[in-house]
Amino acid sequence: MFDDLELTTNKIYDRYLDKDLHKLFPQLIWEMSLSSNDLNSEELLTELNREDIWALANRGNNLRYQYINGSSVLLDSLNQSFKKFRPQLIDLMFDTNKQVASQAWFMPKDHYLKNCHIDPIIYKDMPGYKMSVHKDNSHIMLQTLFNLSENGSMGTEFFNSNETESFYKGSGGKCKGVCFLNVGESAHIIRDITDVRYILYVAVYMPTWAKQWIGS
Amino acid sequence: MTLEANKIFDEYVPRDIHHVQPILMWELEWKTDLLNDPQLETELAREDIWVMESHHRNLRGYYDRKSSKFLEKLAYEFTKYKQQFTDMVFDTNKRTIGHYWAKPKEYYSGHLFMPPIIYKDMPTFDMVPHIDSSHIMIQSIINLVDNGDMGTEFYYPDSHEPFYKSIGTKGKGGAFLNTHASIHGIRNITKPRYILYVPMFFAYQLETK
């Protein structure tokens, strides 16, 4: 299952904001899409619609549920198959804008290729679920989100810190997604969830500590 | 020997309407006999204990560990404050720290690494405004000599003028949480500046790999 899973990326933002006078970190955002025959199968929707595979995630306003690993062979397979993209995502981080990567994570790329990990999570967001404008925590280097169902206009929205209106909203199309670097202006929000929304959420996490990071 | 910390900023960048760019800073005063010991200036003045950094135009040198017993002791003594820094970080503003380091304080304890580095910055050394690596949780700097008005300067993202300059007095310094808003730079170094520079890193295990 998901042997044919493929990931394509398309960079849509690589810019410094006008207000960022010091050129600290650019916004780096990609549109993404996944393809696989299994993503278009009836079985996927059947599995997502099961009631016995979800646990309350205790995030946002208690309307987010997390898939319980081990409770669906198909969904486990999706999570496992996605892990093969770990090197591709790290390449994306480090090769798109080398200055950004080296400033934010100062070890050579090989170190991160060896030690970063990803942990695919499938979420079910219920109508009314929301998260206020926030940036992700420092454990996360890169964040990706994919729609596992047709999520309409319920995509994640991105904000500049000094503007009230979002400048970009991720696609809600099935198998479409968004990816962003967790530095600088990466504030985002989830709101206006009007139907059940299924997403695949995959972060690239900072690696474990290594003593060689301090040469002296 | 004591380290006094006085919080001076606990706010958001002006115009940060979503409150995603916090500033959390302290002024520090390290009271220790080591700073009044005549050996300090003698050792700092040695030429054979510095490794100059080519990526800083050979204008910044770090103390080569174990080349001076006195400086080794000085640097080691500061690491005794690791728990104090941990408490400062996690207990000052739980909302702010939770945005960056989301797990409970206990999760991080035992995995924090605080390597002390002594720097000698030569005249004309500078660093443009920048944010530190995401690996760093909190950064602290103590002046080892009287560094006059050569303190580190802190900026808002949309201003070329610093909103704060850290103190240059011997034994004093500052600390800041490494956030999206901890923009700082160094300039106007007119004479050798000696500082103790101590970042605190987090080391965590790969729990889900």
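Scroll up a little and you will see the structure.
Residues numbered from 1 in each chain as written. Chains lettered and ligands numbered in written order. Predicted model: local features only at pLDDT ≥ 70, side-chain atom pairs only at ≥ 80, totals over all residues.

(A) Inspection of the interface of chain A and chain B at higher detail. Between chain A and chain B, the contact holds 27 residues from the first and 37 residues from the second. When the residues that make up the side of chain A that touches chain B are grouped by side-chain class, the tally is 12 nonpolar, 11 polar and 4 charged. (Contact = placed C-beta atoms within 7 Å. Nonpolar A, V, L, I, M, F, W, Y, C, P; charged D, E, K, R; others polar.)

(B) Unusual backbone geometry, seen in detail. Backbone geometry places Asn62 of chain A, a non-glycine residue, at a positive phi of 60 degrees. For Asn62 of chain A, a count of 12 C-beta atoms within 10 Å gives the class exposed. One non-glycine residue, Thr124 of chain B, lies in positive phi territory at about 80 degrees. By secondary structure assignment, the location of Thr124 of chain B is in the loop between strand 6 (117–121) and strand 7 (127–130). Given 11 C-beta atoms within 10 Å, Thr124 of chain B falls into the exposed group. (Buried ≥ 20, exposed ≤ 12 C-beta atoms within 10 Å, placed from the backbone. Helix = DSSP H or I, 4+ residues; strand = E, 2+ residues; numbered from the N terminus.)

(C) Structural context of helix 2 (residues 73–82) of chain A. Residue and element names in this part refer to chain A. Along helix 2, the residues classified as buried are Leu75, Leu78 and Phe82. Take helix 2 and look down its axis: the buried residues cluster within an arc of 50 degrees, on one side only. Buried residues belonging to helix 2 abut helix 1 (42–48), strand 4 (64–67), strand 6 (121–125) and strand 13 (197–205). (Arc of directions from axis to C-beta.)

(D) Geometry of the sheet that holds strand 9 (residues 153–155) of chain B. All names here are of chain B. Taken together, the 4 strands give an open sheet; going across it, the order is 7-12-9-10, and neighbouring strands pair in antiparallel fashion. This sheet does not close on itself; its edge strands, each paired only once, are strand 7 and strand 10 (164–165). Bridging between strand 9 and strand 10 involves 2 bridges; their strand directions are antiparallel. From the neighbouring strand, Glu153 faces strand 10, where its bridge partner is Lys165. (Pairing = 2+ DSSP bridges.)

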